[in-house]
Structure formats: structure tokens, C-alpha cells
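Okay, here's what each chain looks like letter by letter:
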Amino acid sequence: MVKFVDVMPPRDPAEVHRASTPLELLFDLATVIAIAACAAGLHHGLAEGHAVDAIVKFAIAFFAVWWAWMNYTWFASAYDNNDAVFRMATFVIIGGAVTVASGIDALFDDLDLRLVIVGYVVMRLPLALLWLRAARGDPARRSTSLIYAAGLVLVQSYWASMLALPALPQRLLIGAIAAGFVLELVVPILAERRANTPWHHDHIEERYGLLTIIVLGEVLLAAALSLRTAGSGDFEIGFVHIAMSALVVTGAMWWLYFPGGRHLHSHKLPDALAWGYGHVLIFGAVASVGAGFSLLVDIVAGKAEASLATGDLAVGVPLALYMFGLWLVRDRHLLEGRGAMSCSYSPS
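What counts and what doesn't
- Residues numbered from 1 in each chain as written.
- Predicted model: local features only at pLDDT ≥ 70, side-chain atom pairs only at ≥ 80, totals over all residues.
- Heavy atoms only, no water.
- Helix = DSSP H or I, 4+ residues; strand = E, 2+ residues; numbered from the N terminus.
- Rg over C-alpha atoms; globule rule 2.2 N^0.38 Å.
- Buried < 20%, exposed > 50% of the residue type's maximum accessible area, 1.4 Å probe, protein only.
- Contact = heavy atoms within 4.5 Å.
- Core = buried A, V, L, I, M, F, W, Y, C linked by side-chain atoms within 4.5 Å.
- Axes fitted to C-alpha atoms, helices over the stretch in contact; angles between N-to-C directions.
- Parallel < 35°, antiparallel > 145°, perpendicular 65-115°, else oblique.
- Left-handed = near helix turned anticlockwise from the far one by under 90°.
- Nonpolar A, V, L, I, M, F, W, Y, C, P; charged D, E, K, R; others polar.
- Salt bridge = Lys/Arg side-chain N within 4 Å of Asp/Glu carboxyl O.
- Polar contact = N/O pair within 3.5 Å; in protein donor to acceptor, adjacent residues only side chain to side chain.
- pLDDT = per-residue confidence, 0-100.
- Phe/Tyr/Trp six-rings, centres within 6.5 Å; stacked < 30°, edge-to-face > 60°.
- Patch = residues over 30% accessible without salt bridge, like charges linked within 9 Å, V, L, I, M, F, W, Y side chains within 5 Å.
- Areas by Shrake-Rupley, 256 points an atom, 1.4 Å probe, with all protein chains shown as cover.
- Lys, Arg positive; Asp, Glu negative; His and termini not counted.
- Charge placed at Lys NZ, Arg CZ, Asp CG, Glu CD.

Tell me about the overall build of the chain, residues and numbers included.
A count of helical and extended segments in the chain gives 10 helices and 0 strands. The order of α-helices and β-strands along the chain, N terminus first, is α-α-α-α-α-α-α-α-α-α. Its C-alpha radius of gyration of 21 Å places the chain within 12% of the 20 Å reference for a compact globule of 348 residues. For the chain, the C-alpha atoms occupy an extent of roughly 65 × 55 × 40 Å along the three principal directions. Looking at the 348 residues of the chain, the share that counts as buried comes to 51%. Sequence-distant contacts, at least 24 apart, represent 80% of the contacts inside the chain between residues at least 6 apart.

Report on the nonpolar core, specifying residues and quantitative values.
Formed by 108 residues in total, the largest nonpolar core has its most connected members in W74, F75, W131, W159, Y208 and F293. In terms of residue count, helix α2 (residues 51-79) provides more of this core than any other element does, 19 residues in total.

Hey, could you go over the packing of α2 against helix α6 (residues 170-194) for me, with residue numbers and the actual values?
Two quantities define a packed helix pair, namely the angle between the axes and the distance from one axis to the other. α6 packs onto α2 with a crossing angle of 30° between their chain directions and a minimal axis gap of 12 Å. Judged on the interaxial angle alone, α6 and α2 are roughly parallel. Crossing geometry of α2 relative to α6 is assigned as left-handed. On α6, the residues touching D53, V56, I60, F63, A64 and W67 of α2 are Q170, I174, I177, F181, E184, L185 and P188. Residue composition of the contact of α2 with α6, grouped by class: 10 nonpolar, 1 polar and 2 charged.

Give a detailed account of unusual backbone geometry, specifying residues and quantitative values.
One non-glycine residue, H17, adopts positive backbone phi at about 55°. For H17, the position within the fold is in the segment before α1 (22-47). Residue H17 is classed as exposed on the basis of its relative accessible area of 81%. The phi angle at L111 is positive, at roughly 60°, despite the residue not being glycine. Exposure remark for L111: the relative accessible area of 8% places this residue in the buried category.

How would you explain the pattern of salt bridges if you had to name every residue and give the values?
Summed over the entire model, instances satisfying the criterion amount to 10 salt bridges. With its nearest N and O atoms 3.0 Å apart, the salt bridge here joins K57 to D53. Linking K57 with D53, this pair stays in helix α2, spanning 4 residues, or about one helical turn. With a relative accessible area of 28%, D53 lands in the partly exposed category.

Describe in detail the side chain of T229, supporting the description with residues and values.
With respect to the helices, strands and loops of the structure, T229 is situated in helix α7 (residues 201-231). Separated by 2.8 Å, the side chain of T229 and the backbone oxygen of L225 make a polar contact. Look past the residues within four positions of T229 in its chain and what remains in contact with it is F239, V297 and A301.

Help me get a handle on the confidence of the model for the chain, residues and values and all.
Interpreting fine coordinate detail is not advised for predicted regions of low pLDDT. Averaged over every residue, the pLDDT of the chain is 92; the share at 70 or more is 96%. Counting contacts from residues 337-348, a segment whose pLDDT is below 50, to residues more than four positions away or on other chains yields 21 contacts.

Could you give me a rundown of the packing of aromatic side chains, with the residues and numbers involved?
Overall, the coordinates contain 24 aromatic pairs when judged by the stated rule. Taken together, a centroid distance of 5.5 Å and an interplanar angle of 25° make the contact between F58 and F62 stacked. In this pair, F58 and F62 are both assigned in helix α2, 4 residues apart and thus about one turn of the helix distant. Neither residue differs from the other here; F58 and F62 are each classed as buried.

Describe in detail a negative patch on the surface, supporting the description with residues and values.
A contiguous patch of negative charge on the surface is contributed by E48, D105, D109, D110 and E305. The residue D109 is located in helix α3 (residues 84-110) in this model. Judged by its relative accessible area of 63%, D109 is exposed.

Describe the environment of S232, listing the residues and the values that go with them.
Relative to the helices and strands, S232 resides in the loop between α7 and α8 (237-257). Of the residues examined, S232 reaches a relative accessible area of 60% and is grouped as exposed. One polar contact links the side chain of S232 to the main-chain carbonyl oxygen of T229, over a distance of 3.0 Å.

Below, the structure written as C-alpha cells:
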């Protein structure tokens, strides 16, 4: 029986058989809807020949989605008590994710951030309330929880103030957004220095792995799009090549991410932060690969202004970034030699 409100003590970081909850999986579903909107915006921007503009806007939108997902995920690993208040707060956060997704088109069209900011703040403020509950339920880490809560409220006030400001020139607006992201990144660093939250090692690895699998669906979706396009008009063998390539690349990225053994090698704060933060490269690269394959479909179909070389780069560059991300968060700790590749990794 789910209690309406219960104490929120720390979860046992050594709890056996700790797995993702159905509520966390529902939250992932809402998150991937927003990620799909980011990838679609990148795809269309590249197809229209606005590569730099599209990449900048993708980075803005994707960071907002990923950061909100990451903060909720680590909190839930440490303090999820499954009472009705926690569930309702999560539903509000999910509503914020859907709002962000609905505003991404406007962001890509003319850098209109209003709906994205509203949805983002809706995602973040319930987490501040949950941190206040954790402060009460976990006296040993009260200062950590209070820093999290205060930091969340202050940074969301920064974002909300942007809605009241007059329209800024694009460069100033992008600078203000970057400053806000830096503030977001600093909050966990300051909070965790007081006392580490009791996140669960296996649970966190599973949560990150599940999101990786879900985002890989963007690449499979591009393969399906290619085959559908091949069957809807004059047949072109290039569509089959794109679909086969997307399938092979999906399998390779999955294989490289899940070779067996540990991903997160240490509970030390610098290592956990590098692992948690560094995954933005992996998640963003996977979504970008899907956008790149979708761009190739448009190029072969004659619906894009971009060249075939641009389409190849739109797949190849994110793949290289994916490999670098794996080296950054995992392989550099496990392999000998800077040039070692992920495929040679063996479980410890």
C-alpha cells in the first residue's frame, strides 16, 4: 500500500537487487520524447544547410533535457521512497519534459526559448521540494540537501528572469544560456562536497544504460525511415545502404557500451562527477547519429540542401564523439595506453 506521505530517509547504497522502477521508466519515456524532438530539429537544420546554427540550438535543447533527467535520476537513486508525494512530484516533472519537447520546434525556428524555459523550470522546481524532504529525512546530509534545494531555486529564478527580459541579440542570449548552464553544473559540485548522497552504484549504471538503449532507438528509427522511403516511390539502392548502415552502427554502439563489467569504477566525487557529466557526450552523440542518418535519407531523396559529404560527416563526427565519450567516462580508467579502443576492453 502506497502511503500518501512518508519520511524520506536515505536508501541503502548496498541494497541488493536494486532495479529501475516503473515510474523511472515512465520518466525515461517522457525524456526520450524530448530527445527525439532535439534530434528532429538537428536533422531539419542540417538539411536546410544551417549546420552551425542547428548544432548550437541542438546543444542548448539537449543539455536542458539531459540535465533535468540526470538530476532526477541521481536523486531517485539516493532517496526514492515511493510515497504518493514523490510520485506526484515525478508526474509534474514528466509534464515539464513534455512541455520542453513541445517548445523545441520554436527554439530551432527562431531561438524562442519561452516554452522550453517554462517546461524546464517545471521539471526542476519539484526536485527542490524533494531535496527539502530529504534534508528532513536524512539529518546526516542535511546541509547537502539544503544546498541542492537552494541552488535549484536560485538557478531556476535565473531562467525565469530571462522570460521577463526584452529580446536580446542572439550572441548575448546564447552567452546568457551558457552562463545558466554553468550555474547548473556547479550546484552538485558544491552540494556533494559537504557529504556524498547515498546513490546506488548498480542502480545508477542501469539507469544510464537504459537511457542509452532508448536513445539508440533514434538510430533505428532512421533505418526504418530509410526503408519506408525506399518503398514509397522510385526504388533507390542508397536507401537500403543507409538502413543497413544504421542497423550495423546501432549494434556496434550498443556492443561498445555493454561489453560486460563495470562502467563506473569509483565512488569518489571527482570520478562520479566525470562519469555522470561525461555521459552528455555519449547521449548527445547517439541522438546526433540518428539525426545524421535521417539527413542522409533526405539527401538521397533529393529533399535536402546539404551535400552527401555533409551527411557522411553528420554521422561520422558524432560517432567519433561517442567513442571519445566512452574513453572519457570508462576506458581511460580500464585500458592501458591512450590509443586503446573500446572494443578491446575486457571485464575486470
